[in-house]
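Here are the chains, one letter per residue:
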Amino acid sequence: MSEREPSERTRRAPGALRRVVLAASAAALALVVGGAGSAYAGADRTVHRIGRGPVVVAQLWEHEYFQGDSVELRGAPCDQLYNQYWYRLPRADFNDRTSSYKIYYKCTFRFYEDFDLQHASLIEAGTQAARMLPGWNDRISSAMAHVR
Ligand SMILES: [Ca+2]
């Protein structure tokens, strides 16, 4: 999978969101992220990483109760960067695989069923879910975060 250029991602953002992105600094634009990222393997699980930023603002796991392989969504604390996007969870490894998650750094998340923040979405105003709501297991493909 090839990683798209930030300018293309910006154009694809919904209008209301694009205005916020365009108002952000060049440094913040670097946090408009996607692509496959990297991964490191532990003894019994692999932790994937996508996005660029100083902190992990959310972690998604393949199994309920935060078990198995996971993906870290990297970015900035949500009280420092108003909107952040992860347009594609890693296709081969983590698309349609999330079964639990934790959210950090004053963020609230909206998870989408398809890439590029498309179609049905799930809003999480809390800080974690040990199990997905009915109909959302192994479904999410992209995510947006903003301040809680
Ligand atoms: Ca999906």
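Residues numbered from 1 in each chain as written. Predicted model: local features only at pLDDT ≥ 70, side-chain atom pairs only at ≥ 80, totals over all residues.

Caption draft 1: Up close: the overall build of the chain. Scanning the chain from terminus to terminus reveals four helices and ten strands. Reading the helices (α) and strands (β) of the chain from amino to carboxyl end gives α-α-α-β-β-β-β-β-α-β-β-β-β-β. Counting every position in the chain, which comprises 148 residues, the buried fraction comes to 36%. Partitioning the contacts of the chain with sequence separation of at least 6, the portion at a separation of at least 24 is 64%. (Helix = DSSP H or I, 4+ residues; strand = E, 2+ residues; numbered from the N terminus. Buried ≥ 20, exposed ≤ 12 C-beta atoms within 10 Å, placed from the backbone. Contact = placed C-beta atoms within 7 Å.)

Caption draft 2: Highlighting the environment of H48. Tracing the chain through its elements places H48 in strand β2 (residues 46-50). The exposure class assigned to H48 is buried, which follows from the 21 C-beta atoms found within 10 Å. Distance from H48 to E72, taken between C-alpha atoms, is 6.0 Å for residues 24 residues apart in sequence.

Caption draft 3: Molecular detail of the sheet that holds strand β8 (residues 118-124). Strand order across the open sheet formed by four strands is β5-β10-β7-β8, with antiparallel pairing between neighbours. For this open sheet the edge positions go to β5 (83-86) and β8, each flanked by a neighbour on one side alone. For this sheet, the mean angle separating the axes of adjacent strands, direction not counted, is 20 degrees. Looking at chain direction, strand β7 (residues 107-114) and β8 are connected through five bridges and run antiparallel. Looking across to β8, one finds that R110 is bridged to I123. (Pairing = 2+ DSSP bridges. Axes fitted to C-alpha atoms, helices over the stretch in contact; angles between N-to-C directions.)

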